[in-house]
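Commentary on secondary and tertiary structure
Take a look at the letters that make up each chain.
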Amino acid sequence: MMKLALAAKERAYAPYSRFSVGACIRAESGRLYAGCNVENAAYPQGQCAEASAIAAMVAGGDRRIVEIVIVGDGEALCAPCGGCRQRLNEFADGTMSVHMAGPQGVRQTAKLGDLLPLAFGPHNLAT
Ligand code: THU
């Protein structure tokens, strides 16, 4: 997963922030899906690496995330943004593992439920 996340990070399109991120999801089927951030001159149209990996997963036919590796540079831990925590929650429960990594490897692992407590999710809308 780390290798795929790093390969995606290398291909990130981040000319504005110069902050490349790669992500790799392991889905319930066992398949792996990678993605990178893709920025845009109209800044709000940029997309996070996690969102790209989720899109690849859905297009690949999976719907449940078991774990994700997110790789970013810098001294500070590259934790998923608030919006991506919500995006991950759509396809996972609170037990899914979020591995936050630098280029050298995983620095910290957390459960999604700890990163996004009391989440609003699909269960709120189920009839
Ligand atoms: N970014 C991600 O792709 N994932 C994260 O978890 C944090 C931030 C991207 C968005 C933007 O392209 C760049 O990093 C700087 O915010």
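Residues numbered from 1 in each chain as written. Predicted model: local features only at pLDDT ≥ 70, side-chain atom pairs only at ≥ 80, totals over all residues. Heavy atoms only, no water.

**Topic: the site of the ligand**
Short version of the rule: Any residue with a heavy atom lying within 4 Å of a molecule or strand is counted as near it. By the criterion applied in these results, polar contacts are pairs of N or O atoms within 3.5 Å in which, for protein atoms, one can donate a hydrogen and the other can accept it, and in which residues neighboring in sequence qualify only through two side-chain atoms. Per-residue accessibility takes into account occlusion by the displayed protein chains alone, with areas from the Shrake-Rupley method and a 1.4 Å probe. Note on residue categories: nonpolar means Ala, Val, Leu, Ile, Met, Phe, Trp, Tyr, Cys or Pro, charged means Asp, Glu, Lys or Arg, and polar means any other residue, Gly included.
As a matter of local geometry, the ligand sits amid S17, F19, V21, N37, E39, C48, A49, E50, A79, P80 and C81. E39 places a polar side-chain atom, nitrogen or oxygen, 2.6 Å from an oxygen atom of the ligand. Within the side chain of E50, a nitrogen or oxygen atom sits 2.5 Å from an oxygen atom of the ligand. Relative to its free-state accessible area of 370 Å², the ligand is covered by the protein chains to the extent of 76%. Here the residues of the shell around the ligand are counted per class, giving seven nonpolar, two polar and two charged.

**Quick look at the pairing of strand β4 (residues 97–102)**
Test applied: Partly exposed residues are those whose accessible area sits between 20% and 50% of the maximum for their type, while under 20% is buried and over 50% is exposed, using a 1.4 Å probe and protein chains only. Only DSSP runs of H or I with at least four residues qualify as helices, and only runs of E with at least two residues qualify as strands; both kinds are numbered from the N terminus onward. In this description, strands pair whenever DSSP reports at least two bridges between them.
Most of β4 is tucked away: six of the six residues are buried. Going residue by residue along β4, you find S97, H99 and A101 tucked away on one face and V98, M100 and G102 tucked away on the opposite face as well. Across five bridges, the pairing between strand β3 (residues 65–72) and β4 is parallel. Residue pairing for β4: I70 is matched across the bridge by M100. Relative to strand β5 (residues 105–111), β4 runs antiparallel, the two being bridged by six bridges. In the strand pairing of β5, H99 is matched with T109. Between β4 and β5, which pair antiparallel in sequence order, lie two residues.

**A few points about helix α3 (residues 82–89)**
Residues that lie three or four places apart on an α-helix share one face, since the helix turns once every 3.6 residues. Note the threshold: This arc is taken over the directions from the axis of the helix to the C-beta atoms. In this description, contact between two residues means that some pair of their heavy atoms is separated by no more than 4.5 Å.
Every buried residue of α3 is accounted for by C84, R85, L88 and N89. On an axial view of α3, the arc spanned by its buried residues comes to 145°, and they lie on one face. Looking at the buried positions of α3, the neighbouring elements they touch are α2 (49–59), β3, α4 (112–115) and α5 (122–125).

**A short note on the sheet that holds β3**
Rules: With axes taken as lines fitted to C-alpha atoms, and helix axes fitted only over the stretch in contact, angles between N-to-C directions fall between 0 and 180 degrees.
The five strands lie next to each other as β2-β1-β3-β4-β5, forming an open sheet whose pairing is mixed. At either margin of the open sheet sits one strand with a lone partner, and together these are β2 (32–36) and β5. Each neighbouring strand pair of the sheet contributes to a mean axis angle of 20°, computed without reference to strand direction. Judged from the seven bridges that link them, strand β1 (residues 21–27) and β3 form a sheet pairing that is antiparallel. Each residue of the ladder has a partner; that of V21, found in β3, is G72.

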